[in-house]
Amino acid sequence: MAILLTCWQSWSQSDFSSPFLLIPNTDTVIVKNIHLGSKMGGCFLIAIDFGTAYSGYAFCVSSENSDPKPRVPKWGQEHGFNSPKTPTCILFDEHEEFKKFGYDAKMAYTKMHGADAQEHFLFENFKMELYGKNLMIKAHNGKSMSALKITAETLRYLKDHALKTIGDHTSGRQFIASDMTWILTVPAIWDASAKQFMREAATEAGLVTDLNSDSLILALEPEAASVWCKKLPSDGFISEEINNVGLDTEGPGLTSTSPEEQRRSRIRVWLKAKRTGGTIDITVHEVLQGGTLKELHKASGNDMGGGTVDKKFKMFLREIFSDELWDDYAKDYAPELQKVMYEFSLLKGRDEDIEIACPYNLGELAKQYRSEMSDFFNEIHGASWEEGSIKITKERMRSFFDDSFKGITNSIRQILKSKDNPEGLSIDFILIVGGYASCHILRSHIQRQFSGQCKVLFPIDPQEVIIKGAVLFGKNPKLVSSRISALTYGIAVYESFDESKHKPEKKFTTHEGIEYCSDVFNKLVQKGESVGCEEVREHTFSPISSDQTEISFSFFSTERLNAKYVDEWGMDQIGSFIVQSPDTTKGMNRSIRLEIKFGFTEMQATATDIESKETQSIKLDFLRN
């Protein structure tokens, strides 16, 4: 769910075999804009929303200058469904070969019994494990597979399905992956390593290759939602408070007269909430004149999405039937349990008493423990046995949401009261998107908590908001004008040694007798700093010896604001490269220019030796061990 308010290794000195840089003059830093390549505005766009519980895609095939109109295919018709997404559920056979995905995988697995089910690998709700950097993921049969393979096969299936769908709607024209610009949505709270993992999985899946990696764009889910919601008219939302107020800055929404009131009306809190998934993403955006978005507060969130409600329901069933019975049931009848959880997912958004049919094998197993099924419910508050069904009262159902609602409410309040809340500005809109936003209980809760402070809006089709917005973002990434840096980034340099400020043990003397301080952390951008999304920061460095022919750049990130050395606590090395500087005729009076592209969902560093024009570039390796 999104609220739109939108294994790195430590370094030791022995790791570096090449000489370092000296930064001669901090005044040489230059900030400039860059021009986006034409591929960003390509005519063929496919956006994939790889979700925790449900996944899907939207596509757009249009002329270069036309306004993109995303199309979202429906899933599951052959199983009686008609939804914009399909379960993020993937099935492999006993040889770890891909078999089925989505509704097909879920339905096939629920029909399996005994040894057949134990031989197959079924994975679902595994996306949040990528956030925890797990390299192996456990299936329902208790065995594990590579997270990269599982994710790559998921993306491969969605890629192939999308290309076939587009071909079917374009007179049979055959498209290949390289014809497309691909957009992958990722949670805003994911760190850089998880985003890098998705790039590697996308390459493994064949969306792009190393030669055309620029054809893959990562879109932050709340930003994609912001882009789409900004286009919606007032009747595109479920709310009694809209009063024909649109969200576009050039639409009817701006009726206030003072500049400050107009600015306040352009500041929105966005909450992305997933109905059965794991994440809550919160971002704060200001909609600038011209419709671009400026991030005002770094993305935040937690894992209190709709999946928390599912966990509470499972705990409730365990409470009814005892730990021993439930463990046996979950182990021996996993496919049947899938049916129970799916039925619950369809009912949990209702603010009323519900009944769930007791599955056959759970009933048979219960007979081994008690003679009457109703005996299990004697001491259970809010539940009863009703002629073959488990009846749960409205009040007990609401209790399953308590932890989720608490996590969401606290996260929003922290943003509204945070010292980082820019200039103390109040928020005019809170927009709730994602599958969880269709839950009536959630909508009522958010309205009660925050409607007195600002307008709370819910798009009519909350599941489609992110994926449609991702298409628009892929067509024009400049729709997001700036972001807040989540971390402090910098490089390791040498400085002229100053005993009044440098540690004695950091003193280093070159063969030419020059004294330097090693391991100095030279800051490139600070945590919490606003960075333009078309911005390149340029720095100039010099070698530390006259005969130096190789210049080593090592990049670091940290949560800290005032780190001094790269080997301090909390420092993570995120990448490195070496630039050749073969012409030594100018000795140490040579310049090496470093350009850092910040502000997109990723960053790129390029260093150039001015004399020889030797260049090295890197998309920083966030999975470095």
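Calculation rules
- Residues numbered from 1 in each chain as written.
- Predicted model: local features only at pLDDT ≥ 70, side-chain atom pairs only at ≥ 80, totals over all residues.
- Heavy atoms only, no water.
- Helix = DSSP H or I, 4+ residues; strand = E, 2+ residues; numbered from the N terminus.
- Buried < 20%, exposed > 50% of the residue type's maximum accessible area, 1.4 Å probe, protein only.
- Areas by Shrake-Rupley, 256 points an atom, 1.4 Å probe, with all protein chains shown as cover.
- Contact = heavy atoms within 4.5 Å.
- Pairing = 2+ DSSP bridges.
- pLDDT = per-residue confidence, 0-100.
- Axes fitted to C-alpha atoms, helices over the stretch in contact; angles between N-to-C directions.
- Expected span 1.5 Å × (residues − 1).
- Polar contact = N/O pair within 3.5 Å; in protein donor to acceptor, adjacent residues only side chain to side chain.
- Core = buried A, V, L, I, M, F, W, Y, C linked by side-chain atoms within 4.5 Å.
- Phe/Tyr/Trp six-rings, centres within 6.5 Å; stacked < 30°, edge-to-face > 60°.
- Parallel < 35°, antiparallel > 145°, perpendicular 65-115°, else oblique.
- Nonpolar A, V, L, I, M, F, W, Y, C, P; charged D, E, K, R; others polar.
- Patch = residues over 30% accessible without salt bridge, like charges linked within 9 Å, V, L, I, M, F, W, Y side chains within 5 Å.
- Salt bridge = Lys/Arg side-chain N within 4 Å of Asp/Glu carboxyl O.
- Lys, Arg positive; Asp, Glu negative; His and termini not counted.
- Charge placed at Lys NZ, Arg CZ, Asp CG, Glu CD.

- Naming follows an unreviewed UniProt entry, where the protein chain appears as Heat shock protein family A (Hsp70) member 12A.2 of Hucho hucho.

### Looking at the overall build of the protein chain
Okay, step 1: In terms of helices and strands, the protein chain carries 15 helices and 32 strands.
Okay, step 2: Relative to its full complement of 625 residues, the protein chain shows a buried share of 56%.
Okay, step 3: For the protein chain, the exposed surface amounts to about 26400 Å²; the carbon and sulfur share of it is 46%.

### A short note on the environment of Arg156
Okay, step 1: Along the chain, the position of Arg156 falls in helix 4 (residues 147-168).
Okay, step 2: With relative accessibility at 26%, the residue Arg156 sits in the partly exposed group.
Okay, step 3: Residues contacting Arg156, with those up to four places away along its chain left out, are Glu204 and Ala205.

### Description of the pairing of strand 28 (residues 550-558)
A regular strand places its side chains so that they alternate between the two faces of the sheet.
Okay, step 1: In terms of residue burial, strand 28 counts as a mostly covered element, since eight of its nine residues are buried.
Okay, step 2: Note: strand 23 (residues 488-496) against strand 28, four bridges, orientation antiparallel. Residue pairing for strand 28: Ile491 is matched across the bridge by Phe555.
Okay, step 3: For strand 28 and strand 29 (residues 571-580), the ladder comprises nine bridges, and the chain directions are antiparallel. Residue pairing for strand 29: Phe555 is matched across the bridge by Gly575.

### Some details on the pairing of strand 9 (residues 121-124)
Okay, step 1: Burial along strand 9 is two-sided: Phe121 and Phe123 and Leu122 and Glu124, pointing in opposite directions, are all buried.
Okay, step 2: In this sheet, strand 9 lies alongside strand 7 (residues 89-92) in antiparallel orientation, the contact comprising four bridges. Looking across to strand 9, one finds that Ile90 is bridged to Phe123.

### Quick notes on the confidence of the model for the protein chain
Okay, step 1: Mean pLDDT over the protein chain works out to 80, with 82% of the residues at or above the 70 mark.
Okay, step 2: Within the protein chain, strand 8 (residues 98-101) carries the highest mean pLDDT (96), whereas strand 3 (residues 30-33) carries the lowest (42).
Okay, step 3: Across residues 5-20, confidence stays below pLDDT 50; counting only partners more than four residues off in sequence or on other chains, it has 72 contacts.
Okay, step 4: This model gives residues 240-247 a pLDDT under 50, and the stretch forms 23 contacts once residues within four places in sequence are excluded.

### Observations concerning the sheet that holds strand 8
Okay, step 1: The strand order across the open sheet built from three strands is 8-7-9, with neighbouring strands paired in antiparallel fashion. In this open sheet, the two edge strands, each paired with only one partner strand, are strand 8 and strand 9. Recorded for the sheet is a direction-independent mean angle of 20° between the axes of neighbouring strands.
Okay, step 2: Set on the sheet, helix 4 makes contact with strand 7, strand 8 and strand 9; between it and strand 7 the angle comes to about 110°.

### A short note on helix 5 (residues 192-205)
Okay, step 1: Taking 1.5 Å of rise per residue, the 14 residues of helix 5 would be expected to cover 20 Å, and the 20 Å separating its terminal C-alpha atoms lies within 8% of that figure.
Okay, step 2: For helix 5, the buried fraction is high: eleven of the 14 residues fall into the buried class.
Okay, step 3: Of the positions making up helix 5, those classed as buried are Ala192, Ser193, Ala194, Lys195, Gln196, Phe197, Met198, Arg199, Ala201, Ala202 and Ala205.
Okay, step 4: Two residues or fewer after helix 5 comes Gly206, characterised by a positive phi angle close to 90°.

### Overview of the environment of Glu550
Okay, step 1: For Glu550, the location among the structural elements is in strand 28.
Okay, step 2: Taking the C-alpha atoms as reference, Glu550 lies 9.9 Å from Asp609; in sequence the two are 59 residues apart.
Okay, step 3: In this structure the side chain of Glu550 is engaged in a polar contact, spanning 3.5 Å, whose partner is the side chain of Gln580.

### Describing the sheet that holds strand 4 (residues 44-49)
Okay, step 1: One open sheet holds the five strands; their spatial order is 6-5-4-12-13, and the pairing between them is mixed. In this open sheet, the two strands that pair with only one neighbour each are strand 6 (86-87) and strand 13 (216-220).
Okay, step 2: Two strands pair when backbone bridges link them, and strand 12 (residues 181-186) and strand 13 are joined in this way by five bridges, in the parallel orientation. Directly across from Leu184, in strand 13, lies its bridge partner Leu218.

### What about the nonpolar core?
Okay, step 1: Counting 52 residues, the largest nonpolar core has Phe313, Phe316, Leu317, Phe321, Phe344, Phe400 and Ile446 as its most contacted members.
Okay, step 2: In terms of residues, this core owes the most to one element, helix 8 (residues 306-321), which gives six residues.
Okay, step 3: Look past the residues within four positions of Phe313 in its chain and what remains in contact with it is Val340, Met341, Phe344, Ile356, Ile392 and Phe400.
Okay, step 4: Counting residues in hydrophobic clusters, the runner-up holds 47 residues, among them Phe50, Phe126, Ala139 and Trp190.

### A word on the environment of Phe405
Okay, step 1: Positionally, Phe405 belongs in helix 13 (residues 402-417).
Okay, step 2: C-alpha of Phe405 to C-alpha of Met304: the two residues are 101 residues apart in sequence and 7.8 Å apart in space.
Okay, step 3: When sequence neighbours within four positions are dropped, the list of residues in contact with Phe405 reads Tyr436, Ile441, Leu442 and His445.

### A short note on the packing of aromatic side chains
Okay, step 1: Under the definition given, this model contains 25 aromatic pairs.
Okay, step 2: Between Phe555 and Phe577, the aromatic rings sit 5.6 Å apart at their centres with planes inclined by 55°, giving tilted as the arrangement. Here the residue Phe555 occupies a position in strand 28, and Phe577 occupies one in strand 29, the gap between them amounting to 22 residues.
Okay, step 3: A relative accessible area of 8% means that Phe577 is categorised as buried.

### Remarks on the packing of helix 1 (residues 103-110) against helix 10 (residues 334-347)
Okay, step 1: Contact pair helix 1 / helix 10: the axes reach a minimum separation of 8 Å and the direction vectors enclose 130°. As the angle between them shows, helix 1 and helix 10 are arranged oblique. Facing Tyr103, Lys106, Tyr109 and Thr110 of helix 1, the residues of helix 10 in contact are Ala334, Pro335, Gln338, Lys339 and Tyr342.
Okay, step 2: In terms of residue class, the contact of helix 1 with helix 10 is built from five nonpolar, two polar and two charged.

### Describing a negative patch on the surface
Okay, step 1: A grouping of Asp353, Glu355, Glu386, Glu387 and Glu395 is seen on the molecular surface, where their side chains present a negatively charged patch.
Okay, step 2: Within the secondary structure layout, Glu387 lies in the loop between strand 18 (383-386) and strand 19 (389-392).
Okay, step 3: The exposure class assigned to Glu387 is exposed, which follows from its relative accessible area of 82%.

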